[in-house]
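Fold and geometry: a report
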Amino acid sequence: MRHSLSFFLAAAAGLLLAAPAEAGPCSALPNPVYINGGGGIFIENLGRVLSSQGITLIYKRQGSCLAVDSIVNGTPLVGTEAAGTGGMYWDTSSEYACDFDVDGNVADVGISDVFPSTCSSLPNGLPQDVGDYLGPVEAYGFAVPRPSAQESISREAAYFVFGFGAESGVEPWTDPTAIFTRGEGSGTQQMLAVATGVPVDRWKGTQASSSADIVSKLANAPDKEKAIGILASEVAIENDLTVKLLAYQDTGQTCGYYMDSTPTARDKANVRDGHYTVWGPFHVLTKLDQDGYPRSAVAADIVSYAIGTKDPPGLDLVQVLAAAGIVPECAMRVTRTAEMGPLSSFQPPRSCGCYFDALTQGTTSCAPCTTSIDCPASAPACNYNHCEVQ
């Protein structure tokens, strides 16, 4: 992209981001850039790196549809640290909080777990001045307490459990007080609503306030066999001593598939090749100028980092995402253009599948390399010190 961080770096030369003793205005921080929605692990790591360059990423964790709204309609970010609704930001070692302006602050970037059309009808698509860039892939699924004997759920069973609750007839999940949902604004529930066919506003069960609350409710359920909830893979991995994700059998499949090659692996093999079907890319949304480029220079770089055309300075983003259970686009082998839409074969423009395998499986059959000279004609690109097809 034509934009860069150069003018920010020049303005911030020699500037060190100092940690305030208490929360103050977000707008008073050096070069504030406002981001909301999902992708927390992605934004936090970028925030730490960019803080040393005099740029402050200010993040408000919100539902996917609020992120879409903030960019499409310009709805400002509001809230204070004291109320627990302010922004969060980072230096190289710590996390801090700040207060949004009284009239709010306009988001530069919104990150949605779902296609914008999943949140609202948008009959004519996104406005021309909004860019939607597809980034790393997250998978979503049905979670049960770790001690539960349950291992798999089919699309049809999930439809009855979350669509009918106590009347589902699907044992052991027939107690609505032990069926945990998130609500209409949740990207996780939006995604699973499309996957199962249960309208997002008609889910049965007990609504939790957050993913962390679902983990807590599953952990504290009196009857571990009756408890079930919904989680993103990132949250499930963070809490894998407490909860586990079920294998999922989609319509037309003859068995359930885990997200990974085995219940204990972390390679997301079945997500990457499409056998596990409930997944979608992060949507990095930002306003565009009249030439179709992101208006904000930092937003342009965040887009480049997300889609893998540029590496963040001093940050191995593939490694960060792999550890969190998120798949960078460069490691995917299938893609889709609509929510839970048909899959098609995908060859990333700059592959990192071999490196992702090495990180998550501990091994890869790909040849090691330092430059492309080390690579065979069948895999001529040297990416992340591994020979790839391209």
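Everything numeric here is computed off the predicted structure, so don't read it as measured data.

Conventions we followed
- Residues numbered from 1 in each chain as written.
- Predicted model: local features only at pLDDT ≥ 70, side-chain atom pairs only at ≥ 80, totals over all residues.
- Heavy atoms only, no water.
- Helix = DSSP H or I, 4+ residues; strand = E, 2+ residues; numbered from the N terminus.
- Rg over C-alpha atoms; globule rule 2.2 N^0.38 Å.
- Buried < 20%, exposed > 50% of the residue type's maximum accessible area, 1.4 Å probe, protein only.
- Contact = heavy atoms within 4.5 Å.
- Phe/Tyr/Trp six-rings, centres within 6.5 Å; stacked < 30°, edge-to-face > 60°.
- Lys NZ or Arg CZ within 6 Å of the ring centre and 35° of its normal.
- Polar contact = N/O pair within 3.5 Å; in protein donor to acceptor, adjacent residues only side chain to side chain.
- Salt bridge = Lys/Arg side-chain N within 4 Å of Asp/Glu carboxyl O.
- Patch = residues over 30% accessible without salt bridge, like charges linked within 9 Å, V, L, I, M, F, W, Y side chains within 5 Å.
- Areas by Shrake-Rupley, 256 points an atom, 1.4 Å probe, with all protein chains shown as cover.
- pLDDT = per-residue confidence, 0-100.
- Core = buried A, V, L, I, M, F, W, Y, C linked by side-chain atoms within 4.5 Å.
- Pairing = 2+ DSSP bridges.

Let's shift gears to the overall build of the protein. For the protein, the count of helices and strands is 12 helices and 17 strands. Relative to the 2.2 N^0.38 estimate, which gives 21 Å for 390 residues, the radius of gyration of the protein is 21 Å and therefore close to what a compact globule would have. Taken along its principal axes, the extent of the C-alpha atoms in the protein is 65 × 60 × 45 Å. Within the protein, the fraction of its 390 residues that count as buried is 52%. A separation of at least 24 residues holds for 69% of the contacts in the protein among residues at least 6 apart in sequence.

A complete count under the given rule lists 11 aromatic pairs for this structure. When the centroid spacing of 5.5 Å and the interplanar angle of 35 degrees are considered together, the rings of tyrosine 89 and tyrosine 96 count as tilted. When its relative accessible area of 1% is taken as the criterion, tyrosine 89 is described as buried. Measuring from centroid to centroid gives 4.9 Å for phenylalanine 162 and tryptophan 203, while their planes differ by 45 degrees, and the two rings are tilted. Of this pair, phenylalanine 162 sits in helix H5 (residues 155–164) while tryptophan 203 sits in the loop between helix H6 (187–196) and strand S9 (206–207), and the two are 41 residues apart along the sequence. For phenylalanine 162, a relative accessible area of 1% translates into the label buried. Tryptophan 203 gets classed as buried once you look at its relative accessible area, which sits at 11%. These aromatic residues form a ring-pair network of at least three members: Phe142, Phe162, Trp203, Tyr248 and Tyr276. The ring of tryptophan 279 carries arginine 336 above its face, with NZ or CZ at 4.5 Å from the centroid.

Let's shift gears to the side chain of glutamate 388. Positionally, glutamate 388 belongs in strand S17 (residues 386–388). Within the local environment of glutamate 388, its side chain forms a polar contact with the backbone nitrogen of cysteine 354, the two atoms lying 2.7 Å apart. Among all residues touching glutamate 388, those that are not within four sequence positions of it are Ser351, Cys352, Gly353, Cys354, Tyr355, Ala379, Pro380, Ala381 and Asn383.

Pairing is possible between side chains that carry opposite charge, provided their charged atoms lie close to one another. Evaluation of the coordinates by the stated rule reveals 10 salt bridges. Where aspartate 129 meets arginine 295, a salt bridge forms, and the shortest distance between an N and an O atom there is 3.7 Å. Here arginine 295 lies in the loop between strand S13 (279–287) and helix H10 (297–307) and aspartate 129 lies in the loop between helix H4 (116–119) and strand S6 (130–145), a separation of 166 residues in the sequence. Ionic pairing is found between arginine 350 and aspartate 311, a salt bridge with its closest N-O pair at 3.1 Å.

Attention shifts here to helix H3 (residues 64–72). For H3, the tally of buried residues reaches 7 of 9 residues, placing the bulk of the element in the interior. Residues of H3 that are buried: Ser64, Cys65, Ala67, Val68, Ser70, Ile71 and Val72. Looking one or two residues beyond H3, the residue adopting positive phi is glycine 74, at roughly 70 degrees.

A surface patch of nonpolar side chains, amounting to about 250 Å² of accessible area, comprises Tyr159, Phe160 and Phe164. Here phenylalanine 160 is to be found in helix H5. Phenylalanine 160 sits in the partly exposed class, given a relative accessible area of 36%.

Overall, the prediction assigns the protein a mean pLDDT of 92, with 94% of residues at 70 or greater. Under a pLDDT of 50 for its full length, residues 1–21 has, in the predicted model, 42 contacts with residues more than four places off or in other chains.

With 55 residues, the main nonpolar core has Phe142, Ile153, Phe162, Trp173, Ile228 and Val278 as its most contacted residues. Mapped onto this core, the elements with two or more residues apiece are S6, H5, H6, helix H7 (211–219), strand S10 (229–232), helix H11 (317–324) and helix H12 (353–361). The element contributing the most residues to this core is S6, with 6 residues. Membership of the second largest hydrophobic core comes to 29 residues, among which are Trp90, Tyr133, Val298 and Leu321.

Bringing the side chain of aspartate 260 into the picture now. In this fold, aspartate 260 is placed in the loop between strand S12 (247–249) and helix H9 (269–272). With residues up to four places along the chain from it excluded, the contact list for aspartate 260 reads Ala265, Arg266, Asp267, Lys268, Ala269 and Asn270.

Before going further, it helps to spend a moment on the pairing of strand S4 (residues 95–98). Of the two faces of S4, the one holding Tyr96 and Cys98 is buried and the one holding Glu95 and Ala97 is not buried anywhere. Pairing geometry for strand S3 (residues 87–90) and S4, over 4 bridges, is antiparallel. The partner of tryptophan 90 across the bridge, within S4, is glutamate 95. The loop that links S3 with its antiparallel partner S4 comprises 4 residues.

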